[in-house]
Amino acid sequence: MNRAAAAIFLALLCSACPKRLEFGPEGRIEDAQTLYQHVQQRQGQVVTLEGDSKLRVDSPQGSGTLSTFLSVTRPGLIHLETYDFFNRPVASLVSNGARFGVYQAQGNTYYQGPASPENVSRFLPIVLPSEELVAVMLGQVPLLPPESMTLALDEKERVYVLTLVRGAATQTLRVDPRHLRVVKSEVRGVPGYDLAFEDFKQRGELLFPGKVILTADQADTRLELRYTEITLNGRPDLTLYELTPPEGARVVDVDERGRELGGGAVSPPPPAPGS
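All values reported here derive from a predicted model rather than from experimental measurement.

Visitor: Would you take a moment to explain the overall build of the protein for this structure?
Guide: Tallying secondary structure elements over the protein gives 4 helices and 15 strands in all. Counting the 275 residues in the protein, one finds 41% classified as buried. Considering only residue pairs separated by 6 or more positions, the protein has 47% of its internal contacts joining residues 24 or more positions apart. Here the protein has roughly 15100 Å² of accessible surface; of this, 53% comes from carbon and sulfur atoms.

Visitor: Honestly, the pattern of salt bridges in this entry has me stumped. Any pointers?
Guide: Two side chains that carry opposite charge are able to pair once their charged atoms sit near each other. Inspection of the entire model under this criterion finds 12 salt bridges. Notably, a salt bridge pairs Arg-42 with Glu-26, separated by 3.4 Å at the nearest N-O pair. With a gap of 16 residues between them, Arg-42 in helix α2 (residues 32-43) and Glu-26 in the loop between α1 (3-16) and α2 connect regions that are remote in the sequence. By relative accessible area, which is 16% here, Arg-42 ends up buried.

Visitor: What's the story with α2 in this structure? I'm lost.
Guide: The end-to-end C-alpha separation of α2 is 17 Å, in line with the 16 Å expected for 12 residues at 1.5 Å each. The set of residues buried in α2 consists of Ala-32, Leu-35, Tyr-36, Val-39, Arg-42 and Gln-43. Axial view of α2: buried residues confined to an arc of 130°, hence all on one face. Two to three positions downstream of the cap, the backbone nitrogen of Gln-33 sits 3.3 Å from a side-chain oxygen, assigning the N-cap of α2 to Asp-31.

Visitor: When you look at the environment of Lys-54 in this model, what are you seeing that I'm missing?
Guide: Inspection of the secondary structure assignment puts Lys-54 in strand β1 (residues 48-59). Along the primary structure Lys-54 and Leu-225 are separated by 171 residues, whereas in three dimensions their C-alpha atoms are 5.9 Å apart. In this structure Lys-54 touches Thr-65, Leu-66, Ser-67, Glu-224, Leu-225, Arg-226 and Thr-228, once residues within four positions along its chain are discounted. A polar contact of 2.8 Å, which involves the side chain of Lys-54, links it to the side chain of Ser-67.

Visitor: Quick question: what am I supposed to make of the packing of aromatic side chains here?
Guide: The relative placement of two aromatic rings is captured by the distance of their centres and the angle of their planes. Per the stated rule, a full pass over the model turns up 3 aromatic pairs. A ring pair is formed by Phe-23 and Tyr-160, whose centres lie 6.1 Å apart and whose planes are at 40°; its orientation type is tilted. Taken together, the residues span a long stretch of sequence, with Phe-23 in the loop between α1 and α2 and Tyr-160 in strand β8 (residues 159-166) at a distance of 137 residues. According to the relative accessible area criterion, Phe-23 is partly exposed, its value standing at 27%. Measuring from ring centre to ring centre gives 5.7 Å for Phe-208 and Tyr-227, while their planes differ by 50°; the resulting arrangement is tilted. Note that Phe-208 is positioned in strand β12 (residues 206-216) and Tyr-227 in strand β13 (residues 221-232), a separation of 19 residues in sequence. Of the two residues, Phe-208 and Tyr-227, neither departs from the other in class, the shared state being buried. We note Arg-122 situated over the ring of Tyr-111; from NZ or CZ to the ring centre the distance is 4.2 Å.

Visitor: Any chance you could explain the pairing of strand β4 (residues 89-95) here in plain terms?
Guide: Consecutive residues of a regular strand have side chains that alternate between opposite faces of the sheet. Pairing of strand β3 (residues 77-83) with β4, which is carried by 6 bridges, proceeds in the antiparallel orientation. Looking at the pairing, Thr-82 lines up with Ala-91 of β4. In this antiparallel pair of consecutive strands, β3 and β4, the connection spans 5 residues, and Asn-87 shows a positive phi of 65°. Judged from the 5 bridges that link them, β4 and strand β5 (residues 99-104) form a sheet pairing that is antiparallel. Considered in β5, the bridge of Ala-91 is made with Gln-104.

Visitor: Please explain the confidence of the model for the protein as it appears in this structure.
Guide: Close inspection of predicted coordinates is inappropriate in any region flagged by low pLDDT. With 88% of its residues at a pLDDT of at least 70, the protein reaches an overall mean of 88. In the model, residues 9-16 has pLDDT below 50 throughout and makes 1 contact with residues more than four positions away in sequence or in other chains. Long-range and interchain partners of residues 270-275, a stretch whose pLDDT sits below 50, account for 1 contact in this model, where long-range means more than four residues apart.

Visitor: Got a minute to help me understand the side chain of Asp-84 in this structure?
Guide: Its place among the elements puts Asp-84 in the loop between β3 and β4. Within the structure, the side chain of Asp-84 is placed 2.9 Å from the backbone nitrogen of Phe-86, a separation counted as a polar contact. Apart from the residues lying within four places of it in its own chain, the contact partners of Asp-84 are Leu-66 and Val-90.

Visitor: Would you mind going over the nonpolar core with me for this structure?
Guide: Generally speaking, nonpolar side chains in soluble globular proteins are found buried as a group. Counting residues in hydrophobic clusters, the biggest one holds 57 residues, and the most contacted among them are Leu-49, Leu-93, Met-137, Leu-214 and Tyr-227. Apart from the residues lying within four places of it in its own chain, the contact partners of Met-137 are Leu-49, Leu-70, Val-72, Ile-78, Leu-80, Phe-208, Leu-225 and Tyr-227.

Cut-off values and rules
- Residues numbered from 1 in each chain as written.
- Predicted model: local features only at pLDDT ≥ 70, side-chain atom pairs only at ≥ 80, totals over all residues.
- Heavy atoms only, no water.
- Helix = DSSP H or I, 4+ residues; strand = E, 2+ residues; numbered from the N terminus.
- Buried < 20%, exposed > 50% of the residue type's maximum accessible area, 1.4 Å probe, protein only.
- Contact = heavy atoms within 4.5 Å.
- Areas by Shrake-Rupley, 256 points an atom, 1.4 Å probe, with all protein chains shown as cover.
- Salt bridge = Lys/Arg side-chain N within 4 Å of Asp/Glu carboxyl O.
- Expected span 1.5 Å × (residues − 1).
- Arc of directions from axis to C-beta.
- Polar contact = N/O pair within 3.5 Å; in protein donor to acceptor, adjacent residues only side chain to side chain.
- Phe/Tyr/Trp six-rings, centres within 6.5 Å; stacked < 30°, edge-to-face > 60°.
- Lys NZ or Arg CZ within 6 Å of the ring centre and 35° of its normal.
- Pairing = 2+ DSSP bridges.
- pLDDT = per-residue confidence, 0-100.
- Core = buried A, V, L, I, M, F, W, Y, C linked by side-chain atoms within 4.5 Å.

Listed below in structure tokens is the structure:
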């Protein structure tokens, strides 16, 4: 075998060899509680997010991709605006954690009331509390409060497998062994949803996913949020979370279950300066 052929053979041989698992500064973690604490700490690093994204929705109510501006701040501050292909407003959601407002451009209607999961779902086809929606958009997994937990290392998938158990419910977390970030979460035994985080990028000192995928099999719904231009942990613009109906919109009050309370008044124009 000549030198060139030997080099090619060696390259092919090395490419077939499994890559060595890389662990973080802590080394290999053997204790489930220790890994759980590291996951909590990593998830707590991002408090605010603002910027642009693409939101892909697949649900029985319809499918499509929308341009989205979002600003979220823990624990429950939300401002979302969606636009169609021609950059025309489609809908917006604002929540201060206690109250919400959803504006639907088609129909020029503004719904307002308690920030319950049912009301937030007027914007997204999935029922989620405001705090959970904020956490998911911040690249975090709402964690099951465990009664017990187990830890294994899946060398084939190259992840830790941390399983949380509470009663009949289990949550299986696949955790990157180097950065100790959750890359996948699956909930079984109770109604819930699965999460996947992909395209991690270093943003300053923070490692953050460029894509968040939420799958709710019971609702036959899949949401994919792909970030394009965002800022993490900036000073939030609190005016974005003010609940103000657009001028001329029909305003509808709803209760916690999303039932209309009547009314349908038209939002008055803002007062003139100096009045």
